[in-house]
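One-letter residues, chain by chain:
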Amino acid sequence: MQNAHLDPVHFPVKIINNITIVRYREQTTMTDNQLRIAIPSSMIDEVVRWYHLVLGHPESQRLYNTINARFSYPGLSKTCQQYQCPYGCGFDWTVEDGSEWANFGIQSSDDNGYSDELAGDSTN
Ligand SMILES: [Zn+2]
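Scope of this entry: the structure provided in the associated data block. (Residues numbered from 1 in each chain as written. Predicted model: local features only at pLDDT ≥ 70, side-chain atom pairs only at ≥ 80, totals over all residues.)

1. Concerning the overall build of the protein chain
Rules: The way it works is that DSSP assigns letters per residue, a run of H or I at least four long becomes a helix, a run of E at least two long becomes a strand, and they are numbered from the N terminus. Partly exposed residues are those whose C-beta has more than 12 but fewer than 20 other C-beta atoms within 10 Å; with 20 or more the residue is buried, with 12 or fewer it is exposed, and the C-beta atoms are placed from the backbone. By the convention adopted here, residues make contact when the C-beta atoms placed from their backbones lie within 7 Å.
Looking only at helices and strands, the protein chain features five helices and four strands. In the protein chain, the succession of helices and strands from N to C terminus is α-β-β-β-α-α-β-α-α. The 124 residues of the protein chain split such that 12% are buried. The contacts in the protein chain between residues at least 6 apart in sequence include a share of 30% that link residues at least 24 apart.

2. Remarks on the pairing of strand 1 (residues 13–16)
For the record, the criterion: Here, any two strands with at least 2 DSSP bridges between them count as paired.
One ladder, built from four bridges, connects strand 1 with strand 2 (residues 19–24); its direction is antiparallel. Bridge pairing in strand 2 places Ile-16 opposite Ile-19. With antiparallel pairing between neighbouring strands as the criterion, strand 1 and strand 2 make up a hairpin whose turn holds two residues, including Asn-17 at a positive phi of roughly 50 degrees.

3. What to know about the sheet that holds strand 4 (residues 71–72)
Strand order in the open sheet formed by four strands is 1-2-3-4, and the pairing between neighbours is mixed. Of all the strands in the sheet, just strand 1 and strand 4 have a single pairing partner and so form its edges. Taken together, the two bridges between strand 3 (residues 36–38) and strand 4 define a ladder with parallel strand orientation. Bridge pairing in strand 4 places Ala-38 opposite Ser-72.

4. Structural notes on the pairing of strand 2
Sheet topology note: the strand 2/strand 3 ladder contains two bridges and is antiparallel. What sits directly across from Tyr-24, in strand 3, is Arg-36.

5. With respect to helix 3 (residues 60–68)
What counts, and what does not: By construction, the arc corresponds to the directions joining the helix axis to the C-beta atoms.
Listed in full, the buried residues belonging to helix 3 are Ser-60, Leu-63, Tyr-64 and Ile-67. Taken around the axis of helix 3, the buried residues stretch over an arc of 95 degrees, which confines them to a single face. In the core, the buried residues of helix 3 are packed alongside helix 2 (44–54), strand 4 and helix 4 (76–81).

6. Observations concerning the packing of helix 2 against helix 3
Going by this rule: Lines fitted to the C-alpha atoms define the axes, with helices restricted to the stretch that makes contact. Angles between their N-to-C directions range from 0 to 180 degrees. Note that the term roughly parallel is reserved for angles under 35 degrees, roughly antiparallel for angles over 145, roughly perpendicular for angles of 65 to 115, and oblique for everything else. Each crossing is labelled by how the near helix is turned from the far one, with a counterclockwise turn of less than a right angle marking it left-handed and a clockwise turn marking it right-handed. Each residue gets one of three labels, nonpolar for Ala, Val, Leu, Ile, Met, Phe, Trp, Tyr, Cys and Pro, charged for Asp, Glu, Lys and Arg, and polar for the others, Gly among them.
Running from N to C, helix 2 and helix 3 cross one another at 115 degrees; their axes reach a closest spacing of 10 Å. The pairing of helix 2 with helix 3 is recorded here as roughly perpendicular in orientation. The handedness of the crossing between helix 2 and helix 3 is right-handed. Together, Val-47, Val-48, Tyr-51 and His-52 of helix 2 and Leu-63, Thr-66 and Ile-67 of helix 3 make up the contact between the two elements. Grouping the amino acids of the contact of helix 2 with helix 3 by side-chain chemistry returns five nonpolar, two polar and no charged.

Have a look at this one:
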């Protein structure tokens, strides 16, 4: 947050309950109500992880939109796109090859290997 001291016009500081909040003013014409909180790089991973969990494991665009509504961080969009969920959700909801079920590894009811696997298990 050294930018706050170097550039108070674009990074105005506000102190709330003895906590220093650095905000980002993208354009000098922006009013106080339009400013977003600047996330320090030391906190960005935790912020993205927390929002991804709280939002119910959304895809990256929704994650970005939600965080970006209140916070600012350089490269936030890319950071959201590159986020790797530790729970391995990682669905690519944007696939256009038929259905979103492809994200679950299900191709069709007849050719998914699932019933064969079950049949194999039942004979053991
Ligand atoms: Zn997830």
